[in-house]
Amino acid sequence: MTHQVHAFEPPERFVAGTVGEPGDRTFYLQARGGGRVISVALEKVQVSLLAEKLEELLLEANKRFGVDLPEASLPTVHDNEPLDSPVDEEFRVGTLGLAFDVDTGTVVIEAIEAGEPEVDLSGGPLGDDEDETDDEDDDEPDDDLDRLRVRLTPEATRAFIDRARRVVAAGRPPCPLCGQPLDPAGHLCPRHNGYHR
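What counts and what doesn't
- Residues numbered from 1 in each chain as written.
- Predicted model: local features only at pLDDT ≥ 70, side-chain atom pairs only at ≥ 80, totals over all residues.
- Heavy atoms only, no water.
- Helix = DSSP H or I, 4+ residues; strand = E, 2+ residues; numbered from the N terminus.
- Buried < 20%, exposed > 50% of the residue type's maximum accessible area, 1.4 Å probe, protein only.
- Contact = heavy atoms within 4.5 Å.
- Areas by Shrake-Rupley, 256 points an atom, 1.4 Å probe, with all protein chains shown as cover.
- Expected span 1.5 Å × (residues − 1).
- Phe/Tyr/Trp six-rings, centres within 6.5 Å; stacked < 30°, edge-to-face > 60°.
- Lys NZ or Arg CZ within 6 Å of the ring centre and 35° of its normal.
- Salt bridge = Lys/Arg side-chain N within 4 Å of Asp/Glu carboxyl O.
- Pairing = 2+ DSSP bridges.
- Core = buried A, V, L, I, M, F, W, Y, C linked by side-chain atoms within 4.5 Å.

Draft legend 1. Inspection of the overall build of the chain at higher detail. The helix and strand inventory of the chain stands at three helices and seven strands. Secondary structure of the chain in N-to-C order comes out as β-β-β-β-α-β-β-α-β-α. Taking all 197 residues of the chain together, 32% fall into the buried category. By sequence separation, contacts in the chain at least 24 residues apart represent 62% of the contacts at least 6 residues apart. For the chain, the computed accessible surface area is about 12,300 Å², with 49% contributed by carbon and sulfur atoms.

Next up, the structure:
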């Protein structure tokens, strides 16, 4: 089966966004460029971790390679527009990869389709030598999976981080006692022994 690599280097727009009401939202990464729009679905926690790890990557690139970073505290133009319609899910993300390309001074984000884990049919115990071989083999199945690859400037990366954090924070507020998200009708709080709060 052939796989597709949807490359946007650079995209006209790359954002995290949602479809649906808080508590029932589906999260997406969406890239637009060259007359194409690609949307891939992922979990809220993946969006949150992506923003966090991108921030760490920018700081590390600044420390190791002297890359000039846009100030996080400076006001930037906020992209508050909704996702481009129609939002057609290309695939569900299983793995996210990040890299900094020193030659071009850009951040590379790769979202790889969730795939079925391979089952070891040999049935034998794995030794140290076999572990190394299996690690190499584990990379091969990813070659058969669709992926979205985006290359961003540090400024565009900072704008993506800002929007991703706002999208994640726009969900249901947390319960002040247990931290779980509150539904509009309340929830069964474990700190109240299951009584409706």
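Draft legend 2. Layout of helix α3 (residues 154-169). Relative to the 22 Å expected for 16 residues at 1.5 Å per residue, α3 spans 23 Å between its end C-alpha atoms, a close match to the ideal helical length. Those residues of α3 that fall on the buried side of the exposure criterion are Pro154, Thr157, Arg158, Phe160, Ile161, Arg163, Ala164, Val167 and Val168. On the buried face of α3, the contacting elements are β2 (13-19), β3 (26-33), α1 (44-65), β6 (106-113) and β7 (147-152).

Draft legend 3. Layout of the packing of aromatic side chains. Tallied over the full model, the rule gives two aromatic pairs. Ring geometry for Phe14 against Phe160: centres 4.9 Å apart, planes inclined by 15 degrees, an arrangement best described as stacked. Highlighted residues: Phe14 in strand β2 and Phe160 in helix α3, separated in sequence by 146 residues. Taking the relative accessible area as the measure of exposure, Phe14 reaches 8% and is therefore buried. For the pair Phe65 and Phe100, a centre-to-centre distance of 6.2 Å together with 10 degrees between the ring planes defines the contact as stacked. With Phe65 in helix α1 and Phe100 in strand β5 (residues 89-101), this residue pair connects regions lying 35 residues apart in the sequence. Sitting above the plane of the Phe8 ring, Arg36 keeps its charged end 4.1 Å from the centroid.

Draft legend 4. Layout of the pattern of salt bridges. Across all of its chains, the model carries 16 salt bridges by this definition. In this structure, the salt-bridge partner of Glu9 is Arg151, at a minimum N-O distance of 2.8 Å. Residue Glu9 is located in the loop between β1 (5-8) and β2, and its partner Arg151 is located in strand β7; the two are separated by 142 residues in the primary sequence. Across the pair Glu55 and Arg165 runs a salt bridge whose closest N-O atoms are separated by 3.8 Å. Placement of Glu55 in helix α1 and of Arg165 in helix α3 is noted, with a sequence separation of 110 residues between them.

Draft legend 5. Spatial organisation of the pairing of β7. With respect to burial, β7 is a largely interior element, five of its six residues being buried. The sheet contact formed by β1 and β7 spans four bridges and is parallel. Bridge pairing in β7 places His6 opposite Leu148. Inspection of the sheet shows β6 paired to β7 by six bridges, in the antiparallel sense. In the sheet register, Ile109 faces β7, and the bridge partner there is Val150.

Draft legend 6. Layout of the nonpolar core. In terms of nonpolar packing, the biggest core is built from 31 residues, with Phe14, Leu29, Val40, Leu148 and Phe160 touching the most fellow members. When residues of this core are traced back to their parent elements, those giving at least two are β2, β3, β4 (36-42), α1, β5, β6, β7 and α3. Considering every element that reaches this core, the biggest residue donor is α1, with seven residues.

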